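# Structure at a glance
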Amino acid sequence: MTDAAAPFRIEGTDHTGITVSSLDEALSFWSGVMGFEHLYTWDFEQSSFLEELVGVQRAAARIAMVRAPGHLVELLEYRSPGDRKTMKPRSCDVGSVHLAFRVENIDALLVRIAEAGWKALSRVQRVEAGERTGLRLVYVRAPDGMTLELLEQPKAPR
């Protein structure tokens, strides 16, 4: 047993994992639409390793990793068990998670995202006061329910 008082240090983040219904469709979005680099795809057959790691009996999955600027995104398509559920929590629901990206030309990206079947949850909002005055932002949601936040910094005056 490890001593709970032993010192430790968080070194940084590694990746964000997102469970998807179709790995092929997810890769089409994350690489094709968002422009992220597809690093690899792994196939995990049902095994005690995966079951122990994710805490799900009879788990089997295809997993792909894509490289976003400054961050990795892991896409997981579970083939089993058969009683998997699709959850589409609202932003206010406990357990809801979103991944935020700083972007340039939020309007152009929103057009591409819409063509891929993702929906903006509102029109682009603009921060009107405070430390982030001028920031433009919007939440977008995938058909599976995954939420992204897109943020565009205001242009510096010339």
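Below or above, wherever it landed, is the structure these notes cover. Throughout, residues of each chain are indexed from 1 in the direction in which the sequence is written. With pLDDT at 70 or above as the cut-off, local features in this predicted model cover only qualifying residues; side-chain atom pairs require 80 or more to be listed or tallied, and sums for whole chains, interfaces and linings still use all residues. Excluding hydrogens and water, the side-chain figures rest on all heavy atoms present in the structure.

## Some remarks on a nonpolar patch on the surface
A cluster of nonpolar side chains, contributed by Phe49, Leu53, Val54 and Val56, occupies part of the molecular surface with about 350 Å² of accessible area. As for its position among the elements, Phe49 is in helix 2 (residues 48-54). Judged by relative accessible area, which is 54%, Phe49 ranks as exposed. Only residues above 30% relative accessible area that lack a salt bridge enter a patch, with like-charged residues linked at up to 9 Å and the nonpolar side chains Val, Leu, Ile, Met, Phe, Trp and Tyr linked at up to 5 Å. Each accessible area is a Shrake-Rupley result for a 1.4 Å probe, and residues are judged covered by the shown protein chains and nothing else. Between Lys or Arg on one side and Asp or Glu on the other, a salt bridge is scored when a side-chain nitrogen of the former is within 4 Å of a carboxyl oxygen of the latter. Runs of H or I in DSSP of at least four residues are treated as helices and runs of E of at least two as strands, each being numbered from the N terminus. Throughout, exposure labels follow a simple rule: accessible area from a 1.4 Å probe, protein chains only, divided by the maximum for the residue type, with under 20% read as buried, over 50% as exposed, and the rest as partly exposed.

## Overview of the pairing of strand 8 (residues 136-141)
Bridging between strand 6 (residues 119-120) and strand 8 involves two bridges; their strand directions are antiparallel. Considered in strand 8, the bridge of Lys119 is made with Arg141. Bridge analysis of strand 7 (residues 125-126) against strand 8 gives two bridges, and the strand direction is antiparallel. Bridging from a neighbouring strand, Arg126 pairs with Arg136 of strand 8. Strand direction decides the pairing type here: strand 8 and strand 9 (residues 147-152), joined by six bridges, are antiparallel. Counterpart to Val138 in the pairing with strand 9 is Leu150. Only strands joined by at least two bridges in the DSSP assignment are considered to pair.

## A word on the pattern of salt bridges
In this structure the tally under the stated criterion is 10 salt bridges. Ionic pairing is found between Arg62 and Glu77, a salt bridge with its closest N-O pair at 3.5 Å. Here Arg62 is found in strand 3 (residues 60-68), whereas its partner Glu77 is found in strand 4 (residues 71-80), with 15 residues between them in sequence.

## Here we look at the pairing of strand 4
Counting buried positions along strand 4 gives nine out of 10 residues, so the element sits mostly inside the fold. Sheet topology note: the strand 1 (residues 15-19)/strand 4 ladder contains five bridges and is parallel. What sits directly across from Thr16, in strand 4, is Val73. Bridge analysis of strand 3 against strand 4 gives nine bridges, and the strand direction is antiparallel. Residue pairing across strands places Ala60 opposite Ser80, the latter belonging to strand 4. Here strand 3 folds back onto strand 4 in antiparallel fashion, the turn holding two residues, of which Gly70 has a positive phi close to 80°.

## Re unusual backbone geometry
For the bond running from Ser80 to Pro81, omega is 10°, close enough to zero to count as cis. Examined against the element boundaries, Pro81 turns out to sit in the loop between strand 4 and strand 5 (98-102). In the Ramachandran plot, Arg58 falls in the positive-phi region, its phi being about 65° despite a non-glycine side chain. Mapped onto the secondary structure, Arg58 falls in the loop between helix 2 and strand 3. Arg58 sits in the partly exposed class, given a relative accessible area of 43%.

## Overview of the packing of aromatic side chains
Within a pair of aromatic rings, the relevant descriptors are the distance that separates the centres and the angle that separates the planes. A pair of Phe, Tyr and Trp rings is counted when the ring centres sit within 6.5 Å of each other, with Trp represented by its six-membered ring. The angle between the planes then sorts it: under 30 degrees is stacked, over 60 is edge-to-face, the rest tilted. Across all of its chains, the model carries nine aromatic pairs by this definition. For the pair Phe36 and Phe101, a centre-to-centre distance of 5.4 Å together with 50° between the ring planes defines the contact as tilted. Of this pair, Phe36 sits in the loop between helix 1 (23-33) and strand 2 (37-44) while Phe101 sits in strand 5, placing them 65 residues apart in sequence. When the ring of Trp42 is compared with that of Phe44, the centres are 5.7 Å apart and the planes differ by 70°; the resulting orientation is edge-to-face. When its relative accessible area of 46% is taken as the criterion, Trp42 is described as partly exposed. Clustering of aromatic rings is evident, with ring pairs tying together Phe29, Trp30, Phe36, Phe101 and Trp118.

## Description of helix 3 (residues 106-115)
Residues of helix 3 that are buried include every one of Ile106, Leu109, Leu110 and Ile113, and no others. All buried residues of helix 3 lie within an arc of 105° about the axis, which places them on one face of the element. The contact definition used throughout considers only heavy atoms, calling two residues in contact when any of these lie within 4.5 Å. Those residues of helix 3 hidden inside the fold are in contact with helix 1, strand 6, strand 8 and strand 9. Looking at the residues trailing helix 3, positive phi occurs at Gly117, about 95°. The directions from the helix axis to the C-beta atoms are what the arc is built from.

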